[in-house]
Amino acid sequence: MLKQIIHNTLLIIASLVATFLLMEGVFRLLPVNEGLRTQAVNNDSPIIHFEKDRTSTWSRFPDFSMKNTVHANNFGFINDQDYTVDGDRPVLAVIGDSYVEAAMVPYEETLQGRLAKSLASTYRVYSFAASGAPLSQYLAFAGYAKDKFKAQKMVFVIVSNDFDESLTKYKSAPGFHYFTLPPKENHELVRMDYTPSSTVRLLRHSRLALYLVTNLQLTNTISTLFSDAPAAVNVGQTSADANEERLNDSKYAVDAFLALLPEYSGLQPSDIIFVVDGLRPHLYSETNLKNVSKSYAAQMRDYFIAQALQQHFTAIDLTDAFIKDFEQHRQPFEFPKDGHWNGRGHGIAAQQTSNVLAQ
């Protein structure tokens, strides 16, 4: 009897191993999202970045309906060009979150890729970005671009979830810098260190595991299934909820960011450009745009732009440019199942930025 139990147990284990190996082999033939492999963030390496000198497959959704090839350069940022500390042209730094990381868009179609081509004789255009980065992290990127590359101009892409997510009260993801409430002295940033666990490092090498986590998003799916919370109503890629506490907290984040930016960047406001996303997809309809005018995203965009202009920064509101282009071509600026800018969206942002730089 014991021999039979052992035999059956071993048979089951062997079958599971064989099934896993078979599935692993199948998924290695498919465009599974291989991940960007975020590196440790600590005192020795305080700025979030990815595994250096690595080209990988990025994809989204179980059917791989979005896919792209991305490259992390010699400094670990998603950019097809390597960076040099010294060069014959000054650096223009493009800073942001997933809109600048832009893993879903071919490099040559991105804001920074287009600027690098059109401004090749004038600037070295380097991008510094990571998905999930808020305003507070943009300060850290700005300081890094100043200290490492002596950046002479900076372009920041501002989206609607950049404001409250700058505060540990609302988000505290490992690897990023944040403001705290109540604020620390002089709005000091707090860094959330990150060390990839041995489990994470192991799973990075399994295409089956990567598919379950990145393409199927199994953890998010399970959380949603067991959550009793009603689905949030989003405007501008963030919750539309404009309660007074959230607005006041977010305005503090904006004020602190703008106050600290000249110090972190080492630049005058005249050398800094903010590219502020429009309220997509609501801007495709005048009625829809009017209906969300009191949403959190709408109010915070207006506040950010007003404060930036008051302090003599340049702020580009993409709303009008998006509306004008859409009326003429009837082409959206995001993907069918993903709210990030597509190549057209990046093209409009690049053109508006180039227009300002040419002035």
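Residues numbered from 1 in each chain as written. Predicted model: local features only at pLDDT ≥ 70, side-chain atom pairs only at ≥ 80, totals over all residues. Heavy atoms only, no water.

Enquirer: How should the side chain of Ser 265 be read in this particular structure?
Expert: Looking at where Ser 265 falls in the secondary structure, it is placed in helix 8 (residues 244–265). On the accessibility criterion, Ser 265 (0% relative accessible area) is buried. Reaching out from Ser 265, the side chain makes a polar contact with the backbone oxygen of Leu 261 at a distance of 2.7 Å. Among all residues touching Ser 265, those that are not within four sequence positions of it are Ala 142, Lys 146, Met 154 and Ile 272. (Helix = DSSP H or I, 4+ residues; strand = E, 2+ residues; numbered from the N terminus. Buried < 20%, exposed > 50% of the residue type's maximum accessible area, 1.4 Å probe, protein only. Polar contact = N/O pair within 3.5 Å; in protein donor to acceptor, adjacent residues only side chain to side chain. Contact = heavy atoms within 4.5 Å.)

Enquirer: Sorry if this is basic, but what is going on with the pairing of strand 10 (residues 272–276) here?
Expert: In summary, the side chains of a regular strand alternate between the two faces of the sheet. Among the 5 residues that make up strand 10, 5 are buried, leaving the element largely enclosed by the rest of the structure. Burial along strand 10 is two-sided: Ile 272, Phe 274 and Val 276 and Ile 273 and Val 275, pointing in opposite directions, are all buried. Here 5 bridges tie strand 5 (residues 153–158) to strand 10, and the two strands are oriented parallel to one another. Bridge assignment links Val 155 to a residue of strand 10, and that residue is Ile 273. (Pairing = 2+ DSSP bridges.)

Enquirer: What's the story with the pattern of salt bridges in this structure? I'm lost.
Expert: Applying the stated criterion across every chain, the model contains 17 salt bridges. Across the pair Lys 153 and Asp 271 runs a salt bridge, and its minimum N-O distance is 2.9 Å. On the criterion of sequence distance, the pair formed by Lys 153 in strand 5 and Asp 271 in the loop between helix 8 and strand 10 is long-range, its members being 118 residues apart. Through salt bridges that share partners, Lys 169, Glu 245 and Asp 249 make up one connected network. (Salt bridge = Lys/Arg side-chain N within 4 Å of Asp/Glu carboxyl O.)

Enquirer: Is there a simple way to think about a nonpolar patch on the surface in this case?
Expert: Together, Met 1, Leu 2, Ile 5, Ile 6, Leu 10, Ile 13, Val 17, Phe 20 and Leu 21 line one region of the surface with nonpolar side chains, adding up to about 940 Å² of accessible area. Here Val 17 is to be found in helix 1 (residues 2–27). Accessibility expressed as a relative area gives 42% for Val 17, which makes it partly exposed. (Patch = residues over 30% accessible without salt bridge, like charges linked within 9 Å, V, L, I, M, F, W, Y side chains within 5 Å. Areas by Shrake-Rupley, 256 points an atom, 1.4 Å probe, with all protein chains shown as cover.)

Enquirer: Looking at this model, I keep getting lost on the packing of aromatic side chains. Mind explaining?
Expert: A ring pair, where both rings are aromatic, is described by two values, the distance of the centres and the angle of the planes. All chains considered together, the criterion is met by 28 aromatic pairs. An angle of 50 degrees between the planes, with centres 6.0 Å apart, marks the rings of Phe 257 and Phe 274 as tilted. Here the residue Phe 257 occupies a position in helix 8, and Phe 274 occupies one in strand 10, the gap between them amounting to 17 residues. Both residues of the pair, Phe 257 and Phe 274, count as buried. Grouped by ring-pair contacts, the aromatic residues Phe 75, Phe 77, Tyr 83, Tyr 126, Phe 128, Phe 141, Tyr 144 and Phe 149 constitute a single cluster. A cation sits over an aromatic face here: Arg 246 above Tyr 296, 3.5 Å from the ring centre. Just above the ring of Phe 61 sits the side chain of Lys 337; from NZ or CZ to the centre is 4.4 Å. (Phe/Tyr/Trp six-rings, centres within 6.5 Å; stacked < 30°, edge-to-face > 60°. Lys NZ or Arg CZ within 6 Å of the ring centre and 35° of its normal.)

Enquirer: When you look at the packing of helix 3 (residues 111–118) against helix 12 (residues 343–357) in this model, what are you seeing that I'm missing?
Expert: Packed helices, taken two at a time, are described by the angle between their axes plus the distance between the axes. Close contact between helix 3 and helix 12 brings their axes to 8 Å; oriented N to C, the two are set at 45 degrees. By the angle between their axes, helix 3 is oblique relative to helix 12. Relative to helix 12, helix 3 is oriented so that their crossing is right-handed. On helix 12, the residues that touch Leu 111, Arg 114, Leu 115 and Ser 118 of helix 3 are Gly 343, His 346, Gly 347, Ala 349, Ala 350, Thr 353 and Ser 354. Of the residues in the contact of helix 3 with helix 12, the class split is 4 nonpolar, 6 polar and 1 charged. (Axes fitted to C-alpha atoms, helices over the stretch in contact; angles between N-to-C directions. Parallel < 35°, antiparallel > 145°, perpendicular 65-115°, else oblique. Left-handed = near helix turned anticlockwise from the far one by under 90°. Nonpolar A, V, L, I, M, F, W, Y, C, P; charged D, E, K, R; others polar.)

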